[in-house]
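Listed below are the residues making up each chain.
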Amino acid sequence: MLGIDVSKDSLSVSLLHPLTHKLQWEETVPNTKAGVQLLLERTSCDIPWVMEPTGRYSLSVACQAKAAQRQVLLARPRKAKAFLAAIQSRAKNDRIDSRGLALYALAVPLRPYPIKSDSIEQLDQLLTARKGIAGAIASLGQQKKELPYAADALLPAILALKTQRKSIDQRIAALTSHSEISPLVAALDAVPGIGLITAASVASALTSKEFAHPDAFVAYIGLDVRVRDSGQRKGKRGLSKQGDPELRRLLYLAASASLNSKLNPFASQYQREQAKGLTKTAALNAVARKLARMCWSIARHGTTFDSDRVYQQPEKSKNVNPPS
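Everything numeric here is computed off the predicted structure, so don't read it as measured data.

Rules behind the numbers
Residues numbered from 1 in each chain as written. Predicted model: local features only at pLDDT ≥ 70, side-chain atom pairs only at ≥ 80, totals over all residues. Heavy atoms only, no water. Phe/Tyr/Trp six-rings, centres within 6.5 Å; stacked < 30°, edge-to-face > 60°. Buried < 20%, exposed > 50% of the residue type's maximum accessible area, 1.4 Å probe, protein only. Lys NZ or Arg CZ within 6 Å of the ring centre and 35° of its normal. Salt bridge = Lys/Arg side-chain N within 4 Å of Asp/Glu carboxyl O. Helix = DSSP H or I, 4+ residues; strand = E, 2+ residues; numbered from the N terminus. Axes fitted to C-alpha atoms, helices over the stretch in contact; angles between N-to-C directions. Parallel < 35°, antiparallel > 145°, perpendicular 65-115°, else oblique. Left-handed = near helix turned anticlockwise from the far one by under 90°. Contact = heavy atoms within 4.5 Å. Nonpolar A, V, L, I, M, F, W, Y, C, P; charged D, E, K, R; others polar. Expected span 1.5 Å × (residues − 1). Polar contact = N/O pair within 3.5 Å; in protein donor to acceptor, adjacent residues only side chain to side chain. Core = buried A, V, L, I, M, F, W, Y, C linked by side-chain atoms within 4.5 Å. Pairing = 2+ DSSP bridges.

Draft legend 1. Just the packing of aromatic side chains, in detail. Counted under the stated rule, the structure contains three aromatic pairs. Aromatic pair Phe 211 and Tyr 220: ring centres 5.2 Å apart, planes at 55 degrees, arrangement tilted. In this pair, the class of Phe 211 matches that of Tyr 220, namely buried. Taken together, the aromatic side chains of Phe 211, Phe 217 and Tyr 220 make up a single cluster linked through ring pairs. Here Arg 42 stacks its cationic end above the ring of Trp 25, 3.9 Å away from the centre of that ring.

Draft legend 2. Molecular detail of the pattern of salt bridges. Counted under the stated rule, the structure contains nine salt bridges. Across the pair Arg 42 and Glu 27 runs a salt bridge, and its minimum N-O distance is 2.5 Å. Highlighted residues: Arg 42 in helix H1 (residues 33–42) and Glu 27 in strand E3 (residues 23–30), separated in sequence by 15 residues. The partly exposed category is assigned to Glu 27, whose relative accessible area is 23%. A salt bridge links Asp 97 to Lys 92; the nearest nitrogen and oxygen atoms lie 2.8 Å apart.

Draft legend 3. Fine view of the packing of helix H6 (residues 151–176) against helix H8 (residues 196–208). H8 packs onto H6 with a crossing angle of 50 degrees between their chain directions and a minimal axis gap of 11 Å. Comparing their axes, H8 and H6 come out oblique. Seen from above, H6 lies across H8 with left-handed handedness. Contacts between H6 and H8 pair Asp 169, Ile 172, Ala 173 and Thr 176 from the former with Leu 196, Ile 197 and Ala 200 from the latter. Taken together, the residues of the contact of H6 with H8 break down into five nonpolar, one polar and one charged.

Draft legend 4. Looking closely at helix H10 (residues 245–258). The end-to-end C-alpha distance of H10, which contains 14 residues, comes to 20 Å, matching closely the 20 Å that a straight helix rising 1.5 Å per residue would cover. Turning to H10, its buried residues are Glu 246, Leu 247, Arg 248, Leu 250, Leu 251, Ala 254, Ala 255 and Ser 258. Packing partners of the buried residues in H10 comprise helix H5 (118–146), H8, helix H9 (214–220) and helix H12 (280–301). Two or three places before Glu 246, at the start of H10, stands the capping residue Asp 244, its side-chain oxygen 3.0 Å from that residue's backbone nitrogen.

Draft legend 5. Structural context of the environment of Asp 306. Looking at the element boundaries, Asp 306 is found in the segment after H12. Classification of Asp 306 as partly exposed rests on a relative accessible area of 34%. Each C-alpha atom of the pair Asp 306 and Glu 41 lies 53 Å from the other, and the pair is 265 residues apart in sequence.

Draft legend 6. Examining the nonpolar core more closely. Counting residues in hydrophobic clusters, the biggest one holds 50 residues, and the most contacted among them are Ile 172, Leu 188, Val 202, Phe 217, Ile 221, Leu 251 and Leu 291. Within the residue set of this core, elements represented by two or more residues are H5, H6, helix H7 (182–189), H8, H9, H10 and H12. Ranked by the residues each element gives to this core, the list is headed by H12, at ten residues. Residues in contact with Leu 251, not counting those within four places in the same chain, are Thr 198, Val 202, Ile 221, Leu 223, Ala 288, Leu 291 and Ala 292.

Draft legend 7. A look at the packing of H8 against H10. Direction vectors running N to C along H8 and H10 enclose 135 degrees, while the axes themselves pass 10 Å from each other. Comparing the axis directions of H8 and H10 gives the class oblique. Pair H8 / H10 crosses with left-handed handedness. The segment H8 lies against H10, with Thr 198, Ser 201, Val 202 and Ala 205 engaging Leu 247, Leu 250 and Leu 251. A breakdown of the residues in the contact of H8 with H10 according to their chemical character gives five nonpolar, two polar and no charged.

Draft legend 8. Spatial organisation of the pairing of strand E1 (residues 2–6). In terms of burial, E1 is largely enclosed, as five of its five residues are buried. Side chains of E1 alternate between two faces, with Leu 2, Ile 4 and Val 6 and Gly 3 and Asp 5 buried alike. Alignment of E1 against strand E2 (residues 10–16), held across five bridges, turns out to be antiparallel. Bridging from a neighbouring strand, Ile 4 pairs with Val 13 of E2. Hairpin connection from E1 to E2: three residues lie between these consecutive antiparallel strands. When E1 meets strand E4 (residues 49–51), the two strands line up parallel, connected through three bridges.

Draft legend 9. View of H5. Over its 29 residues, H5 extends 42 Å from the first C-alpha to the last, a length consistent with the 42 Å expected when each residue adds 1.5 Å. Of all the residues in H5, the buried ones are Ser 119, Ile 120, Leu 123, Asp 124, Leu 126, Leu 127, Arg 130, Ile 133, Ile 137 and Leu 140. Of the surrounding secondary structure, the elements contacted by the buried residues of H5 are H6 and H8.

Written as structure tokens, this is what we have:
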């Protein structure tokens, strides 16, 4: 297993034996095409590579490795950090981290490193830019309320940012109407409470990453319930809040918006969750979790939203030849 600690300028690399976990060799090469080529020449095709996502610095390495038919695995930063903290001594440097990543990949099943298409990458960058602009609008709007004497100075900036956000929304709409995810975005946009931005964000995640089960997607956005029990002690239940916080926020807002829809199939679940004693926030999180599972199903099976089938249990397949 080849563990790679990626930085802007260099790649710290450690090769571990898959059975003994002993260090075979370690090296530091430039984070360039020539540096990656040196690693390709020094490692055989059957050796997997593992690295943490560091934006374009790791993406270029993964693309070059996959083009050379190498298996590249993705180490989630938070979980990898916890693993490294458990096995490492007080010392910490890039080479030690690369060894730790290789050990992590040998100990835990990891998913392939996702490589996005150009259209998905463009969409994600527009969504990220929109998120930043929306945050700036909210921040300046709050300051405008708290600083009445400076309101006239803040107003032009707020209006300019709103114009930019509208322009980005138009670019997102144009991009999602002429790309490989156009049918999926349209199908998700038809779900009550889900708008274009949420539909585009969810479609991008479901397309660029492989989720074998709806619970995997729920866990990815941090809407899964965290359980902390020990012996007879029953700890509090709450969201894990791991994974993508922006998708979690968007689906929560979609759940809230769906309650105002005339054809809302989620109102009964919201009422049931509150009848159990859940707070409004917890009940909305339960609806958001249902929305996440529904989005996964629409993407996996290529279906469209049907309010009559939202809470319909799948039919059990009949066994023609039951075992004796």
